[in-house]
Structure formats: C-alpha cells, structure tokens
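Survey of secondary and tertiary structure
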Amino acid sequence: MQYRFAVLLAAAAALSACVSSPPPNGNTPPSAAQGVYFIEPADGSTVSSPVKVKFGLKGMTVKPAGEIVAGTGHHHLLIDAASPKQGDVIPADEKHLHFGKGQTETELKLPPGNHVLTMQFADGLHQSYGDAMSASVRITVQ
Ligand SMILES: [Cu+2]
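Below: a short report on this structure. This structure is a prediction, so every number in the text was calculated from the model and none was measured.

A separate point is the environment of Ile-39. For Ile-39, the location among the structural elements is in strand β1 (residues 35–40). In this structure the C-alpha to C-alpha distance between Ile-39 and Glu-105, which are 66 residues apart in sequence, comes to 9.4 Å. In this structure, Ile-39 is in contact with Lys-54, Phe-55 and Gly-56, ignoring residues within four places of it in sequence.

If you want it as structure tokens, here you go:
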C-alpha cells in the first residue's frame, strides 16, 4: 500500500515538473497561446472622441512597469504608429502611450478621421514582446 502511494507521488512530481518547465525569461518570443486583443473598439467601427479603449490579454499577466518578470508586462497603445520589433524599447510620446501602472483601459481623445490603434504588450522595462503580442484595429472617429 505504502509503495503504491510512493509511486503515485513520484508520478505526480514528474508531471508537475513537466508542466512547470522553465518559464520564458524576461523578453522571449511569446507562445501561440499568448496574445493581446481589443475588447473595444471593434475593428472597422465608427466612434466618437473620447474613444473608450479596453485591452484584452491572454497567456500573460499585467504587472506595473519597473522590473522584468517572466510572463508579465504592461500595455501600450500606439496611435497611427508602427509597432516596435521584439526587444526594442517603446518610445514614450503622444503616439506611444504607456500603461505602466497596469491599466487595462483608457479614454483617448482623437481628431476626426481614420486612425489605426495598435496594442503592444511589453516587459517591465518597456521592451516590446513583438508582433505576437500586438493587435491593431482601424477606426473612424466622427
Ligand atoms: Cu511601457
């Protein structure tokens, strides 16, 4: 009886070791199970300013900026700007907004016309996780 229990324990330990295989450190390319998406606004929608923006995230965790912790980061919103490639530090200016306190939504004042909003997830030192952690929507502001 006791032997069987020990075998079971060993099997469980082996399984958990397998599941918790080395976490990606700081800034490594995300897996297919990880990504970002706009909860709102919807792609192709016509909206009025200020535009409510809600960030969706899967497979990673939001954490305020400051240090690199595997599997975590914070959101960035790029306004009519290309997304920096993986590992590049995201600039901070009026076209590159950082949500370094861990915010998951914002209200954005935009001039009327067509705009492309791009979400970019980045690590605690603002280094982009690249295209795999990026998503864009095209909107028209009335
Ligand atoms: Cu940042």
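Right, let's get into the environment of His-96. Summarising the element assignment, His-96 is placed in strand β6 (residues 96–98). Taking the C-alpha atoms as reference points, His-96 and Thr-118, separated by 22 residues in sequence, lie 9.4 Å from one another.

Sheet topology places strand β2 (residues 46–47) next to strand β9 (residues 134–141); 2 bridges connect them, and they run parallel. Residue pairing in the sheet places Thr-46 in a bridge with Thr-140 of β9. Inspection of the sheet shows strand β8 (residues 113–122) paired to β9 by 8 bridges, in the antiparallel sense. For Asn-114, the partnering residue across the bridge sits in β9 and is Thr-140.

A few words now on unusual backbone geometry. A cis amide bond links Glu-40 to the next residue, Pro-41, at an omega of 0°. When you line up the elements, Pro-41 lands in the loop between β1 and β2. The residue after Ser-49, namely Pro-50, is reached through a cis peptide bond having omega 0°. One can find Pro-50 in the loop between β2 and β3 (51–58). Although it is not a glycine, Asp-80 adopts a positive phi angle of roughly 50°.

This brings us to the environment of Glu-67. Counting through the fold element by element, Glu-67 comes out in the loop between β4 (61–62) and β5 (72–79). For Glu-67, a count of 11 C-beta atoms within 10 Å puts it in the exposed group. Spatially, the C-alpha atoms of Glu-67 and His-126 are 9.4 Å apart, while their sequence positions differ by 59 residues.

Turning our attention to the sheet that holds β1. Across the sheet, which stays open at both edges, the 3 strands sit in the order β1-β3-β7 with antiparallel pairing between neighbours. Because the sheet does not close on itself, it has two edges, and the strands there are β1 and β7 (105–108). Across the sheet, the mean angle separating the axes of adjacent strands is 30° when strand polarity is ignored. Note: β3 against β7, 4 bridges, orientation antiparallel. Across the sheet, residue Val-53 finds its bridge partner in β7, namely Thr-106.

Criteria and thresholds
- Residues numbered from 1 in each chain as written.
- Predicted model: local features only at pLDDT ≥ 70, side-chain atom pairs only at ≥ 80, totals over all residues.
- Helix = DSSP H or I, 4+ residues; strand = E, 2+ residues; numbered from the N terminus.
- Contact = placed C-beta atoms within 7 Å.
- Pairing = 2+ DSSP bridges.
- Buried ≥ 20, exposed ≤ 12 C-beta atoms within 10 Å, placed from the backbone.
- Axes fitted to C-alpha atoms, helices over the stretch in contact; angles between N-to-C directions.

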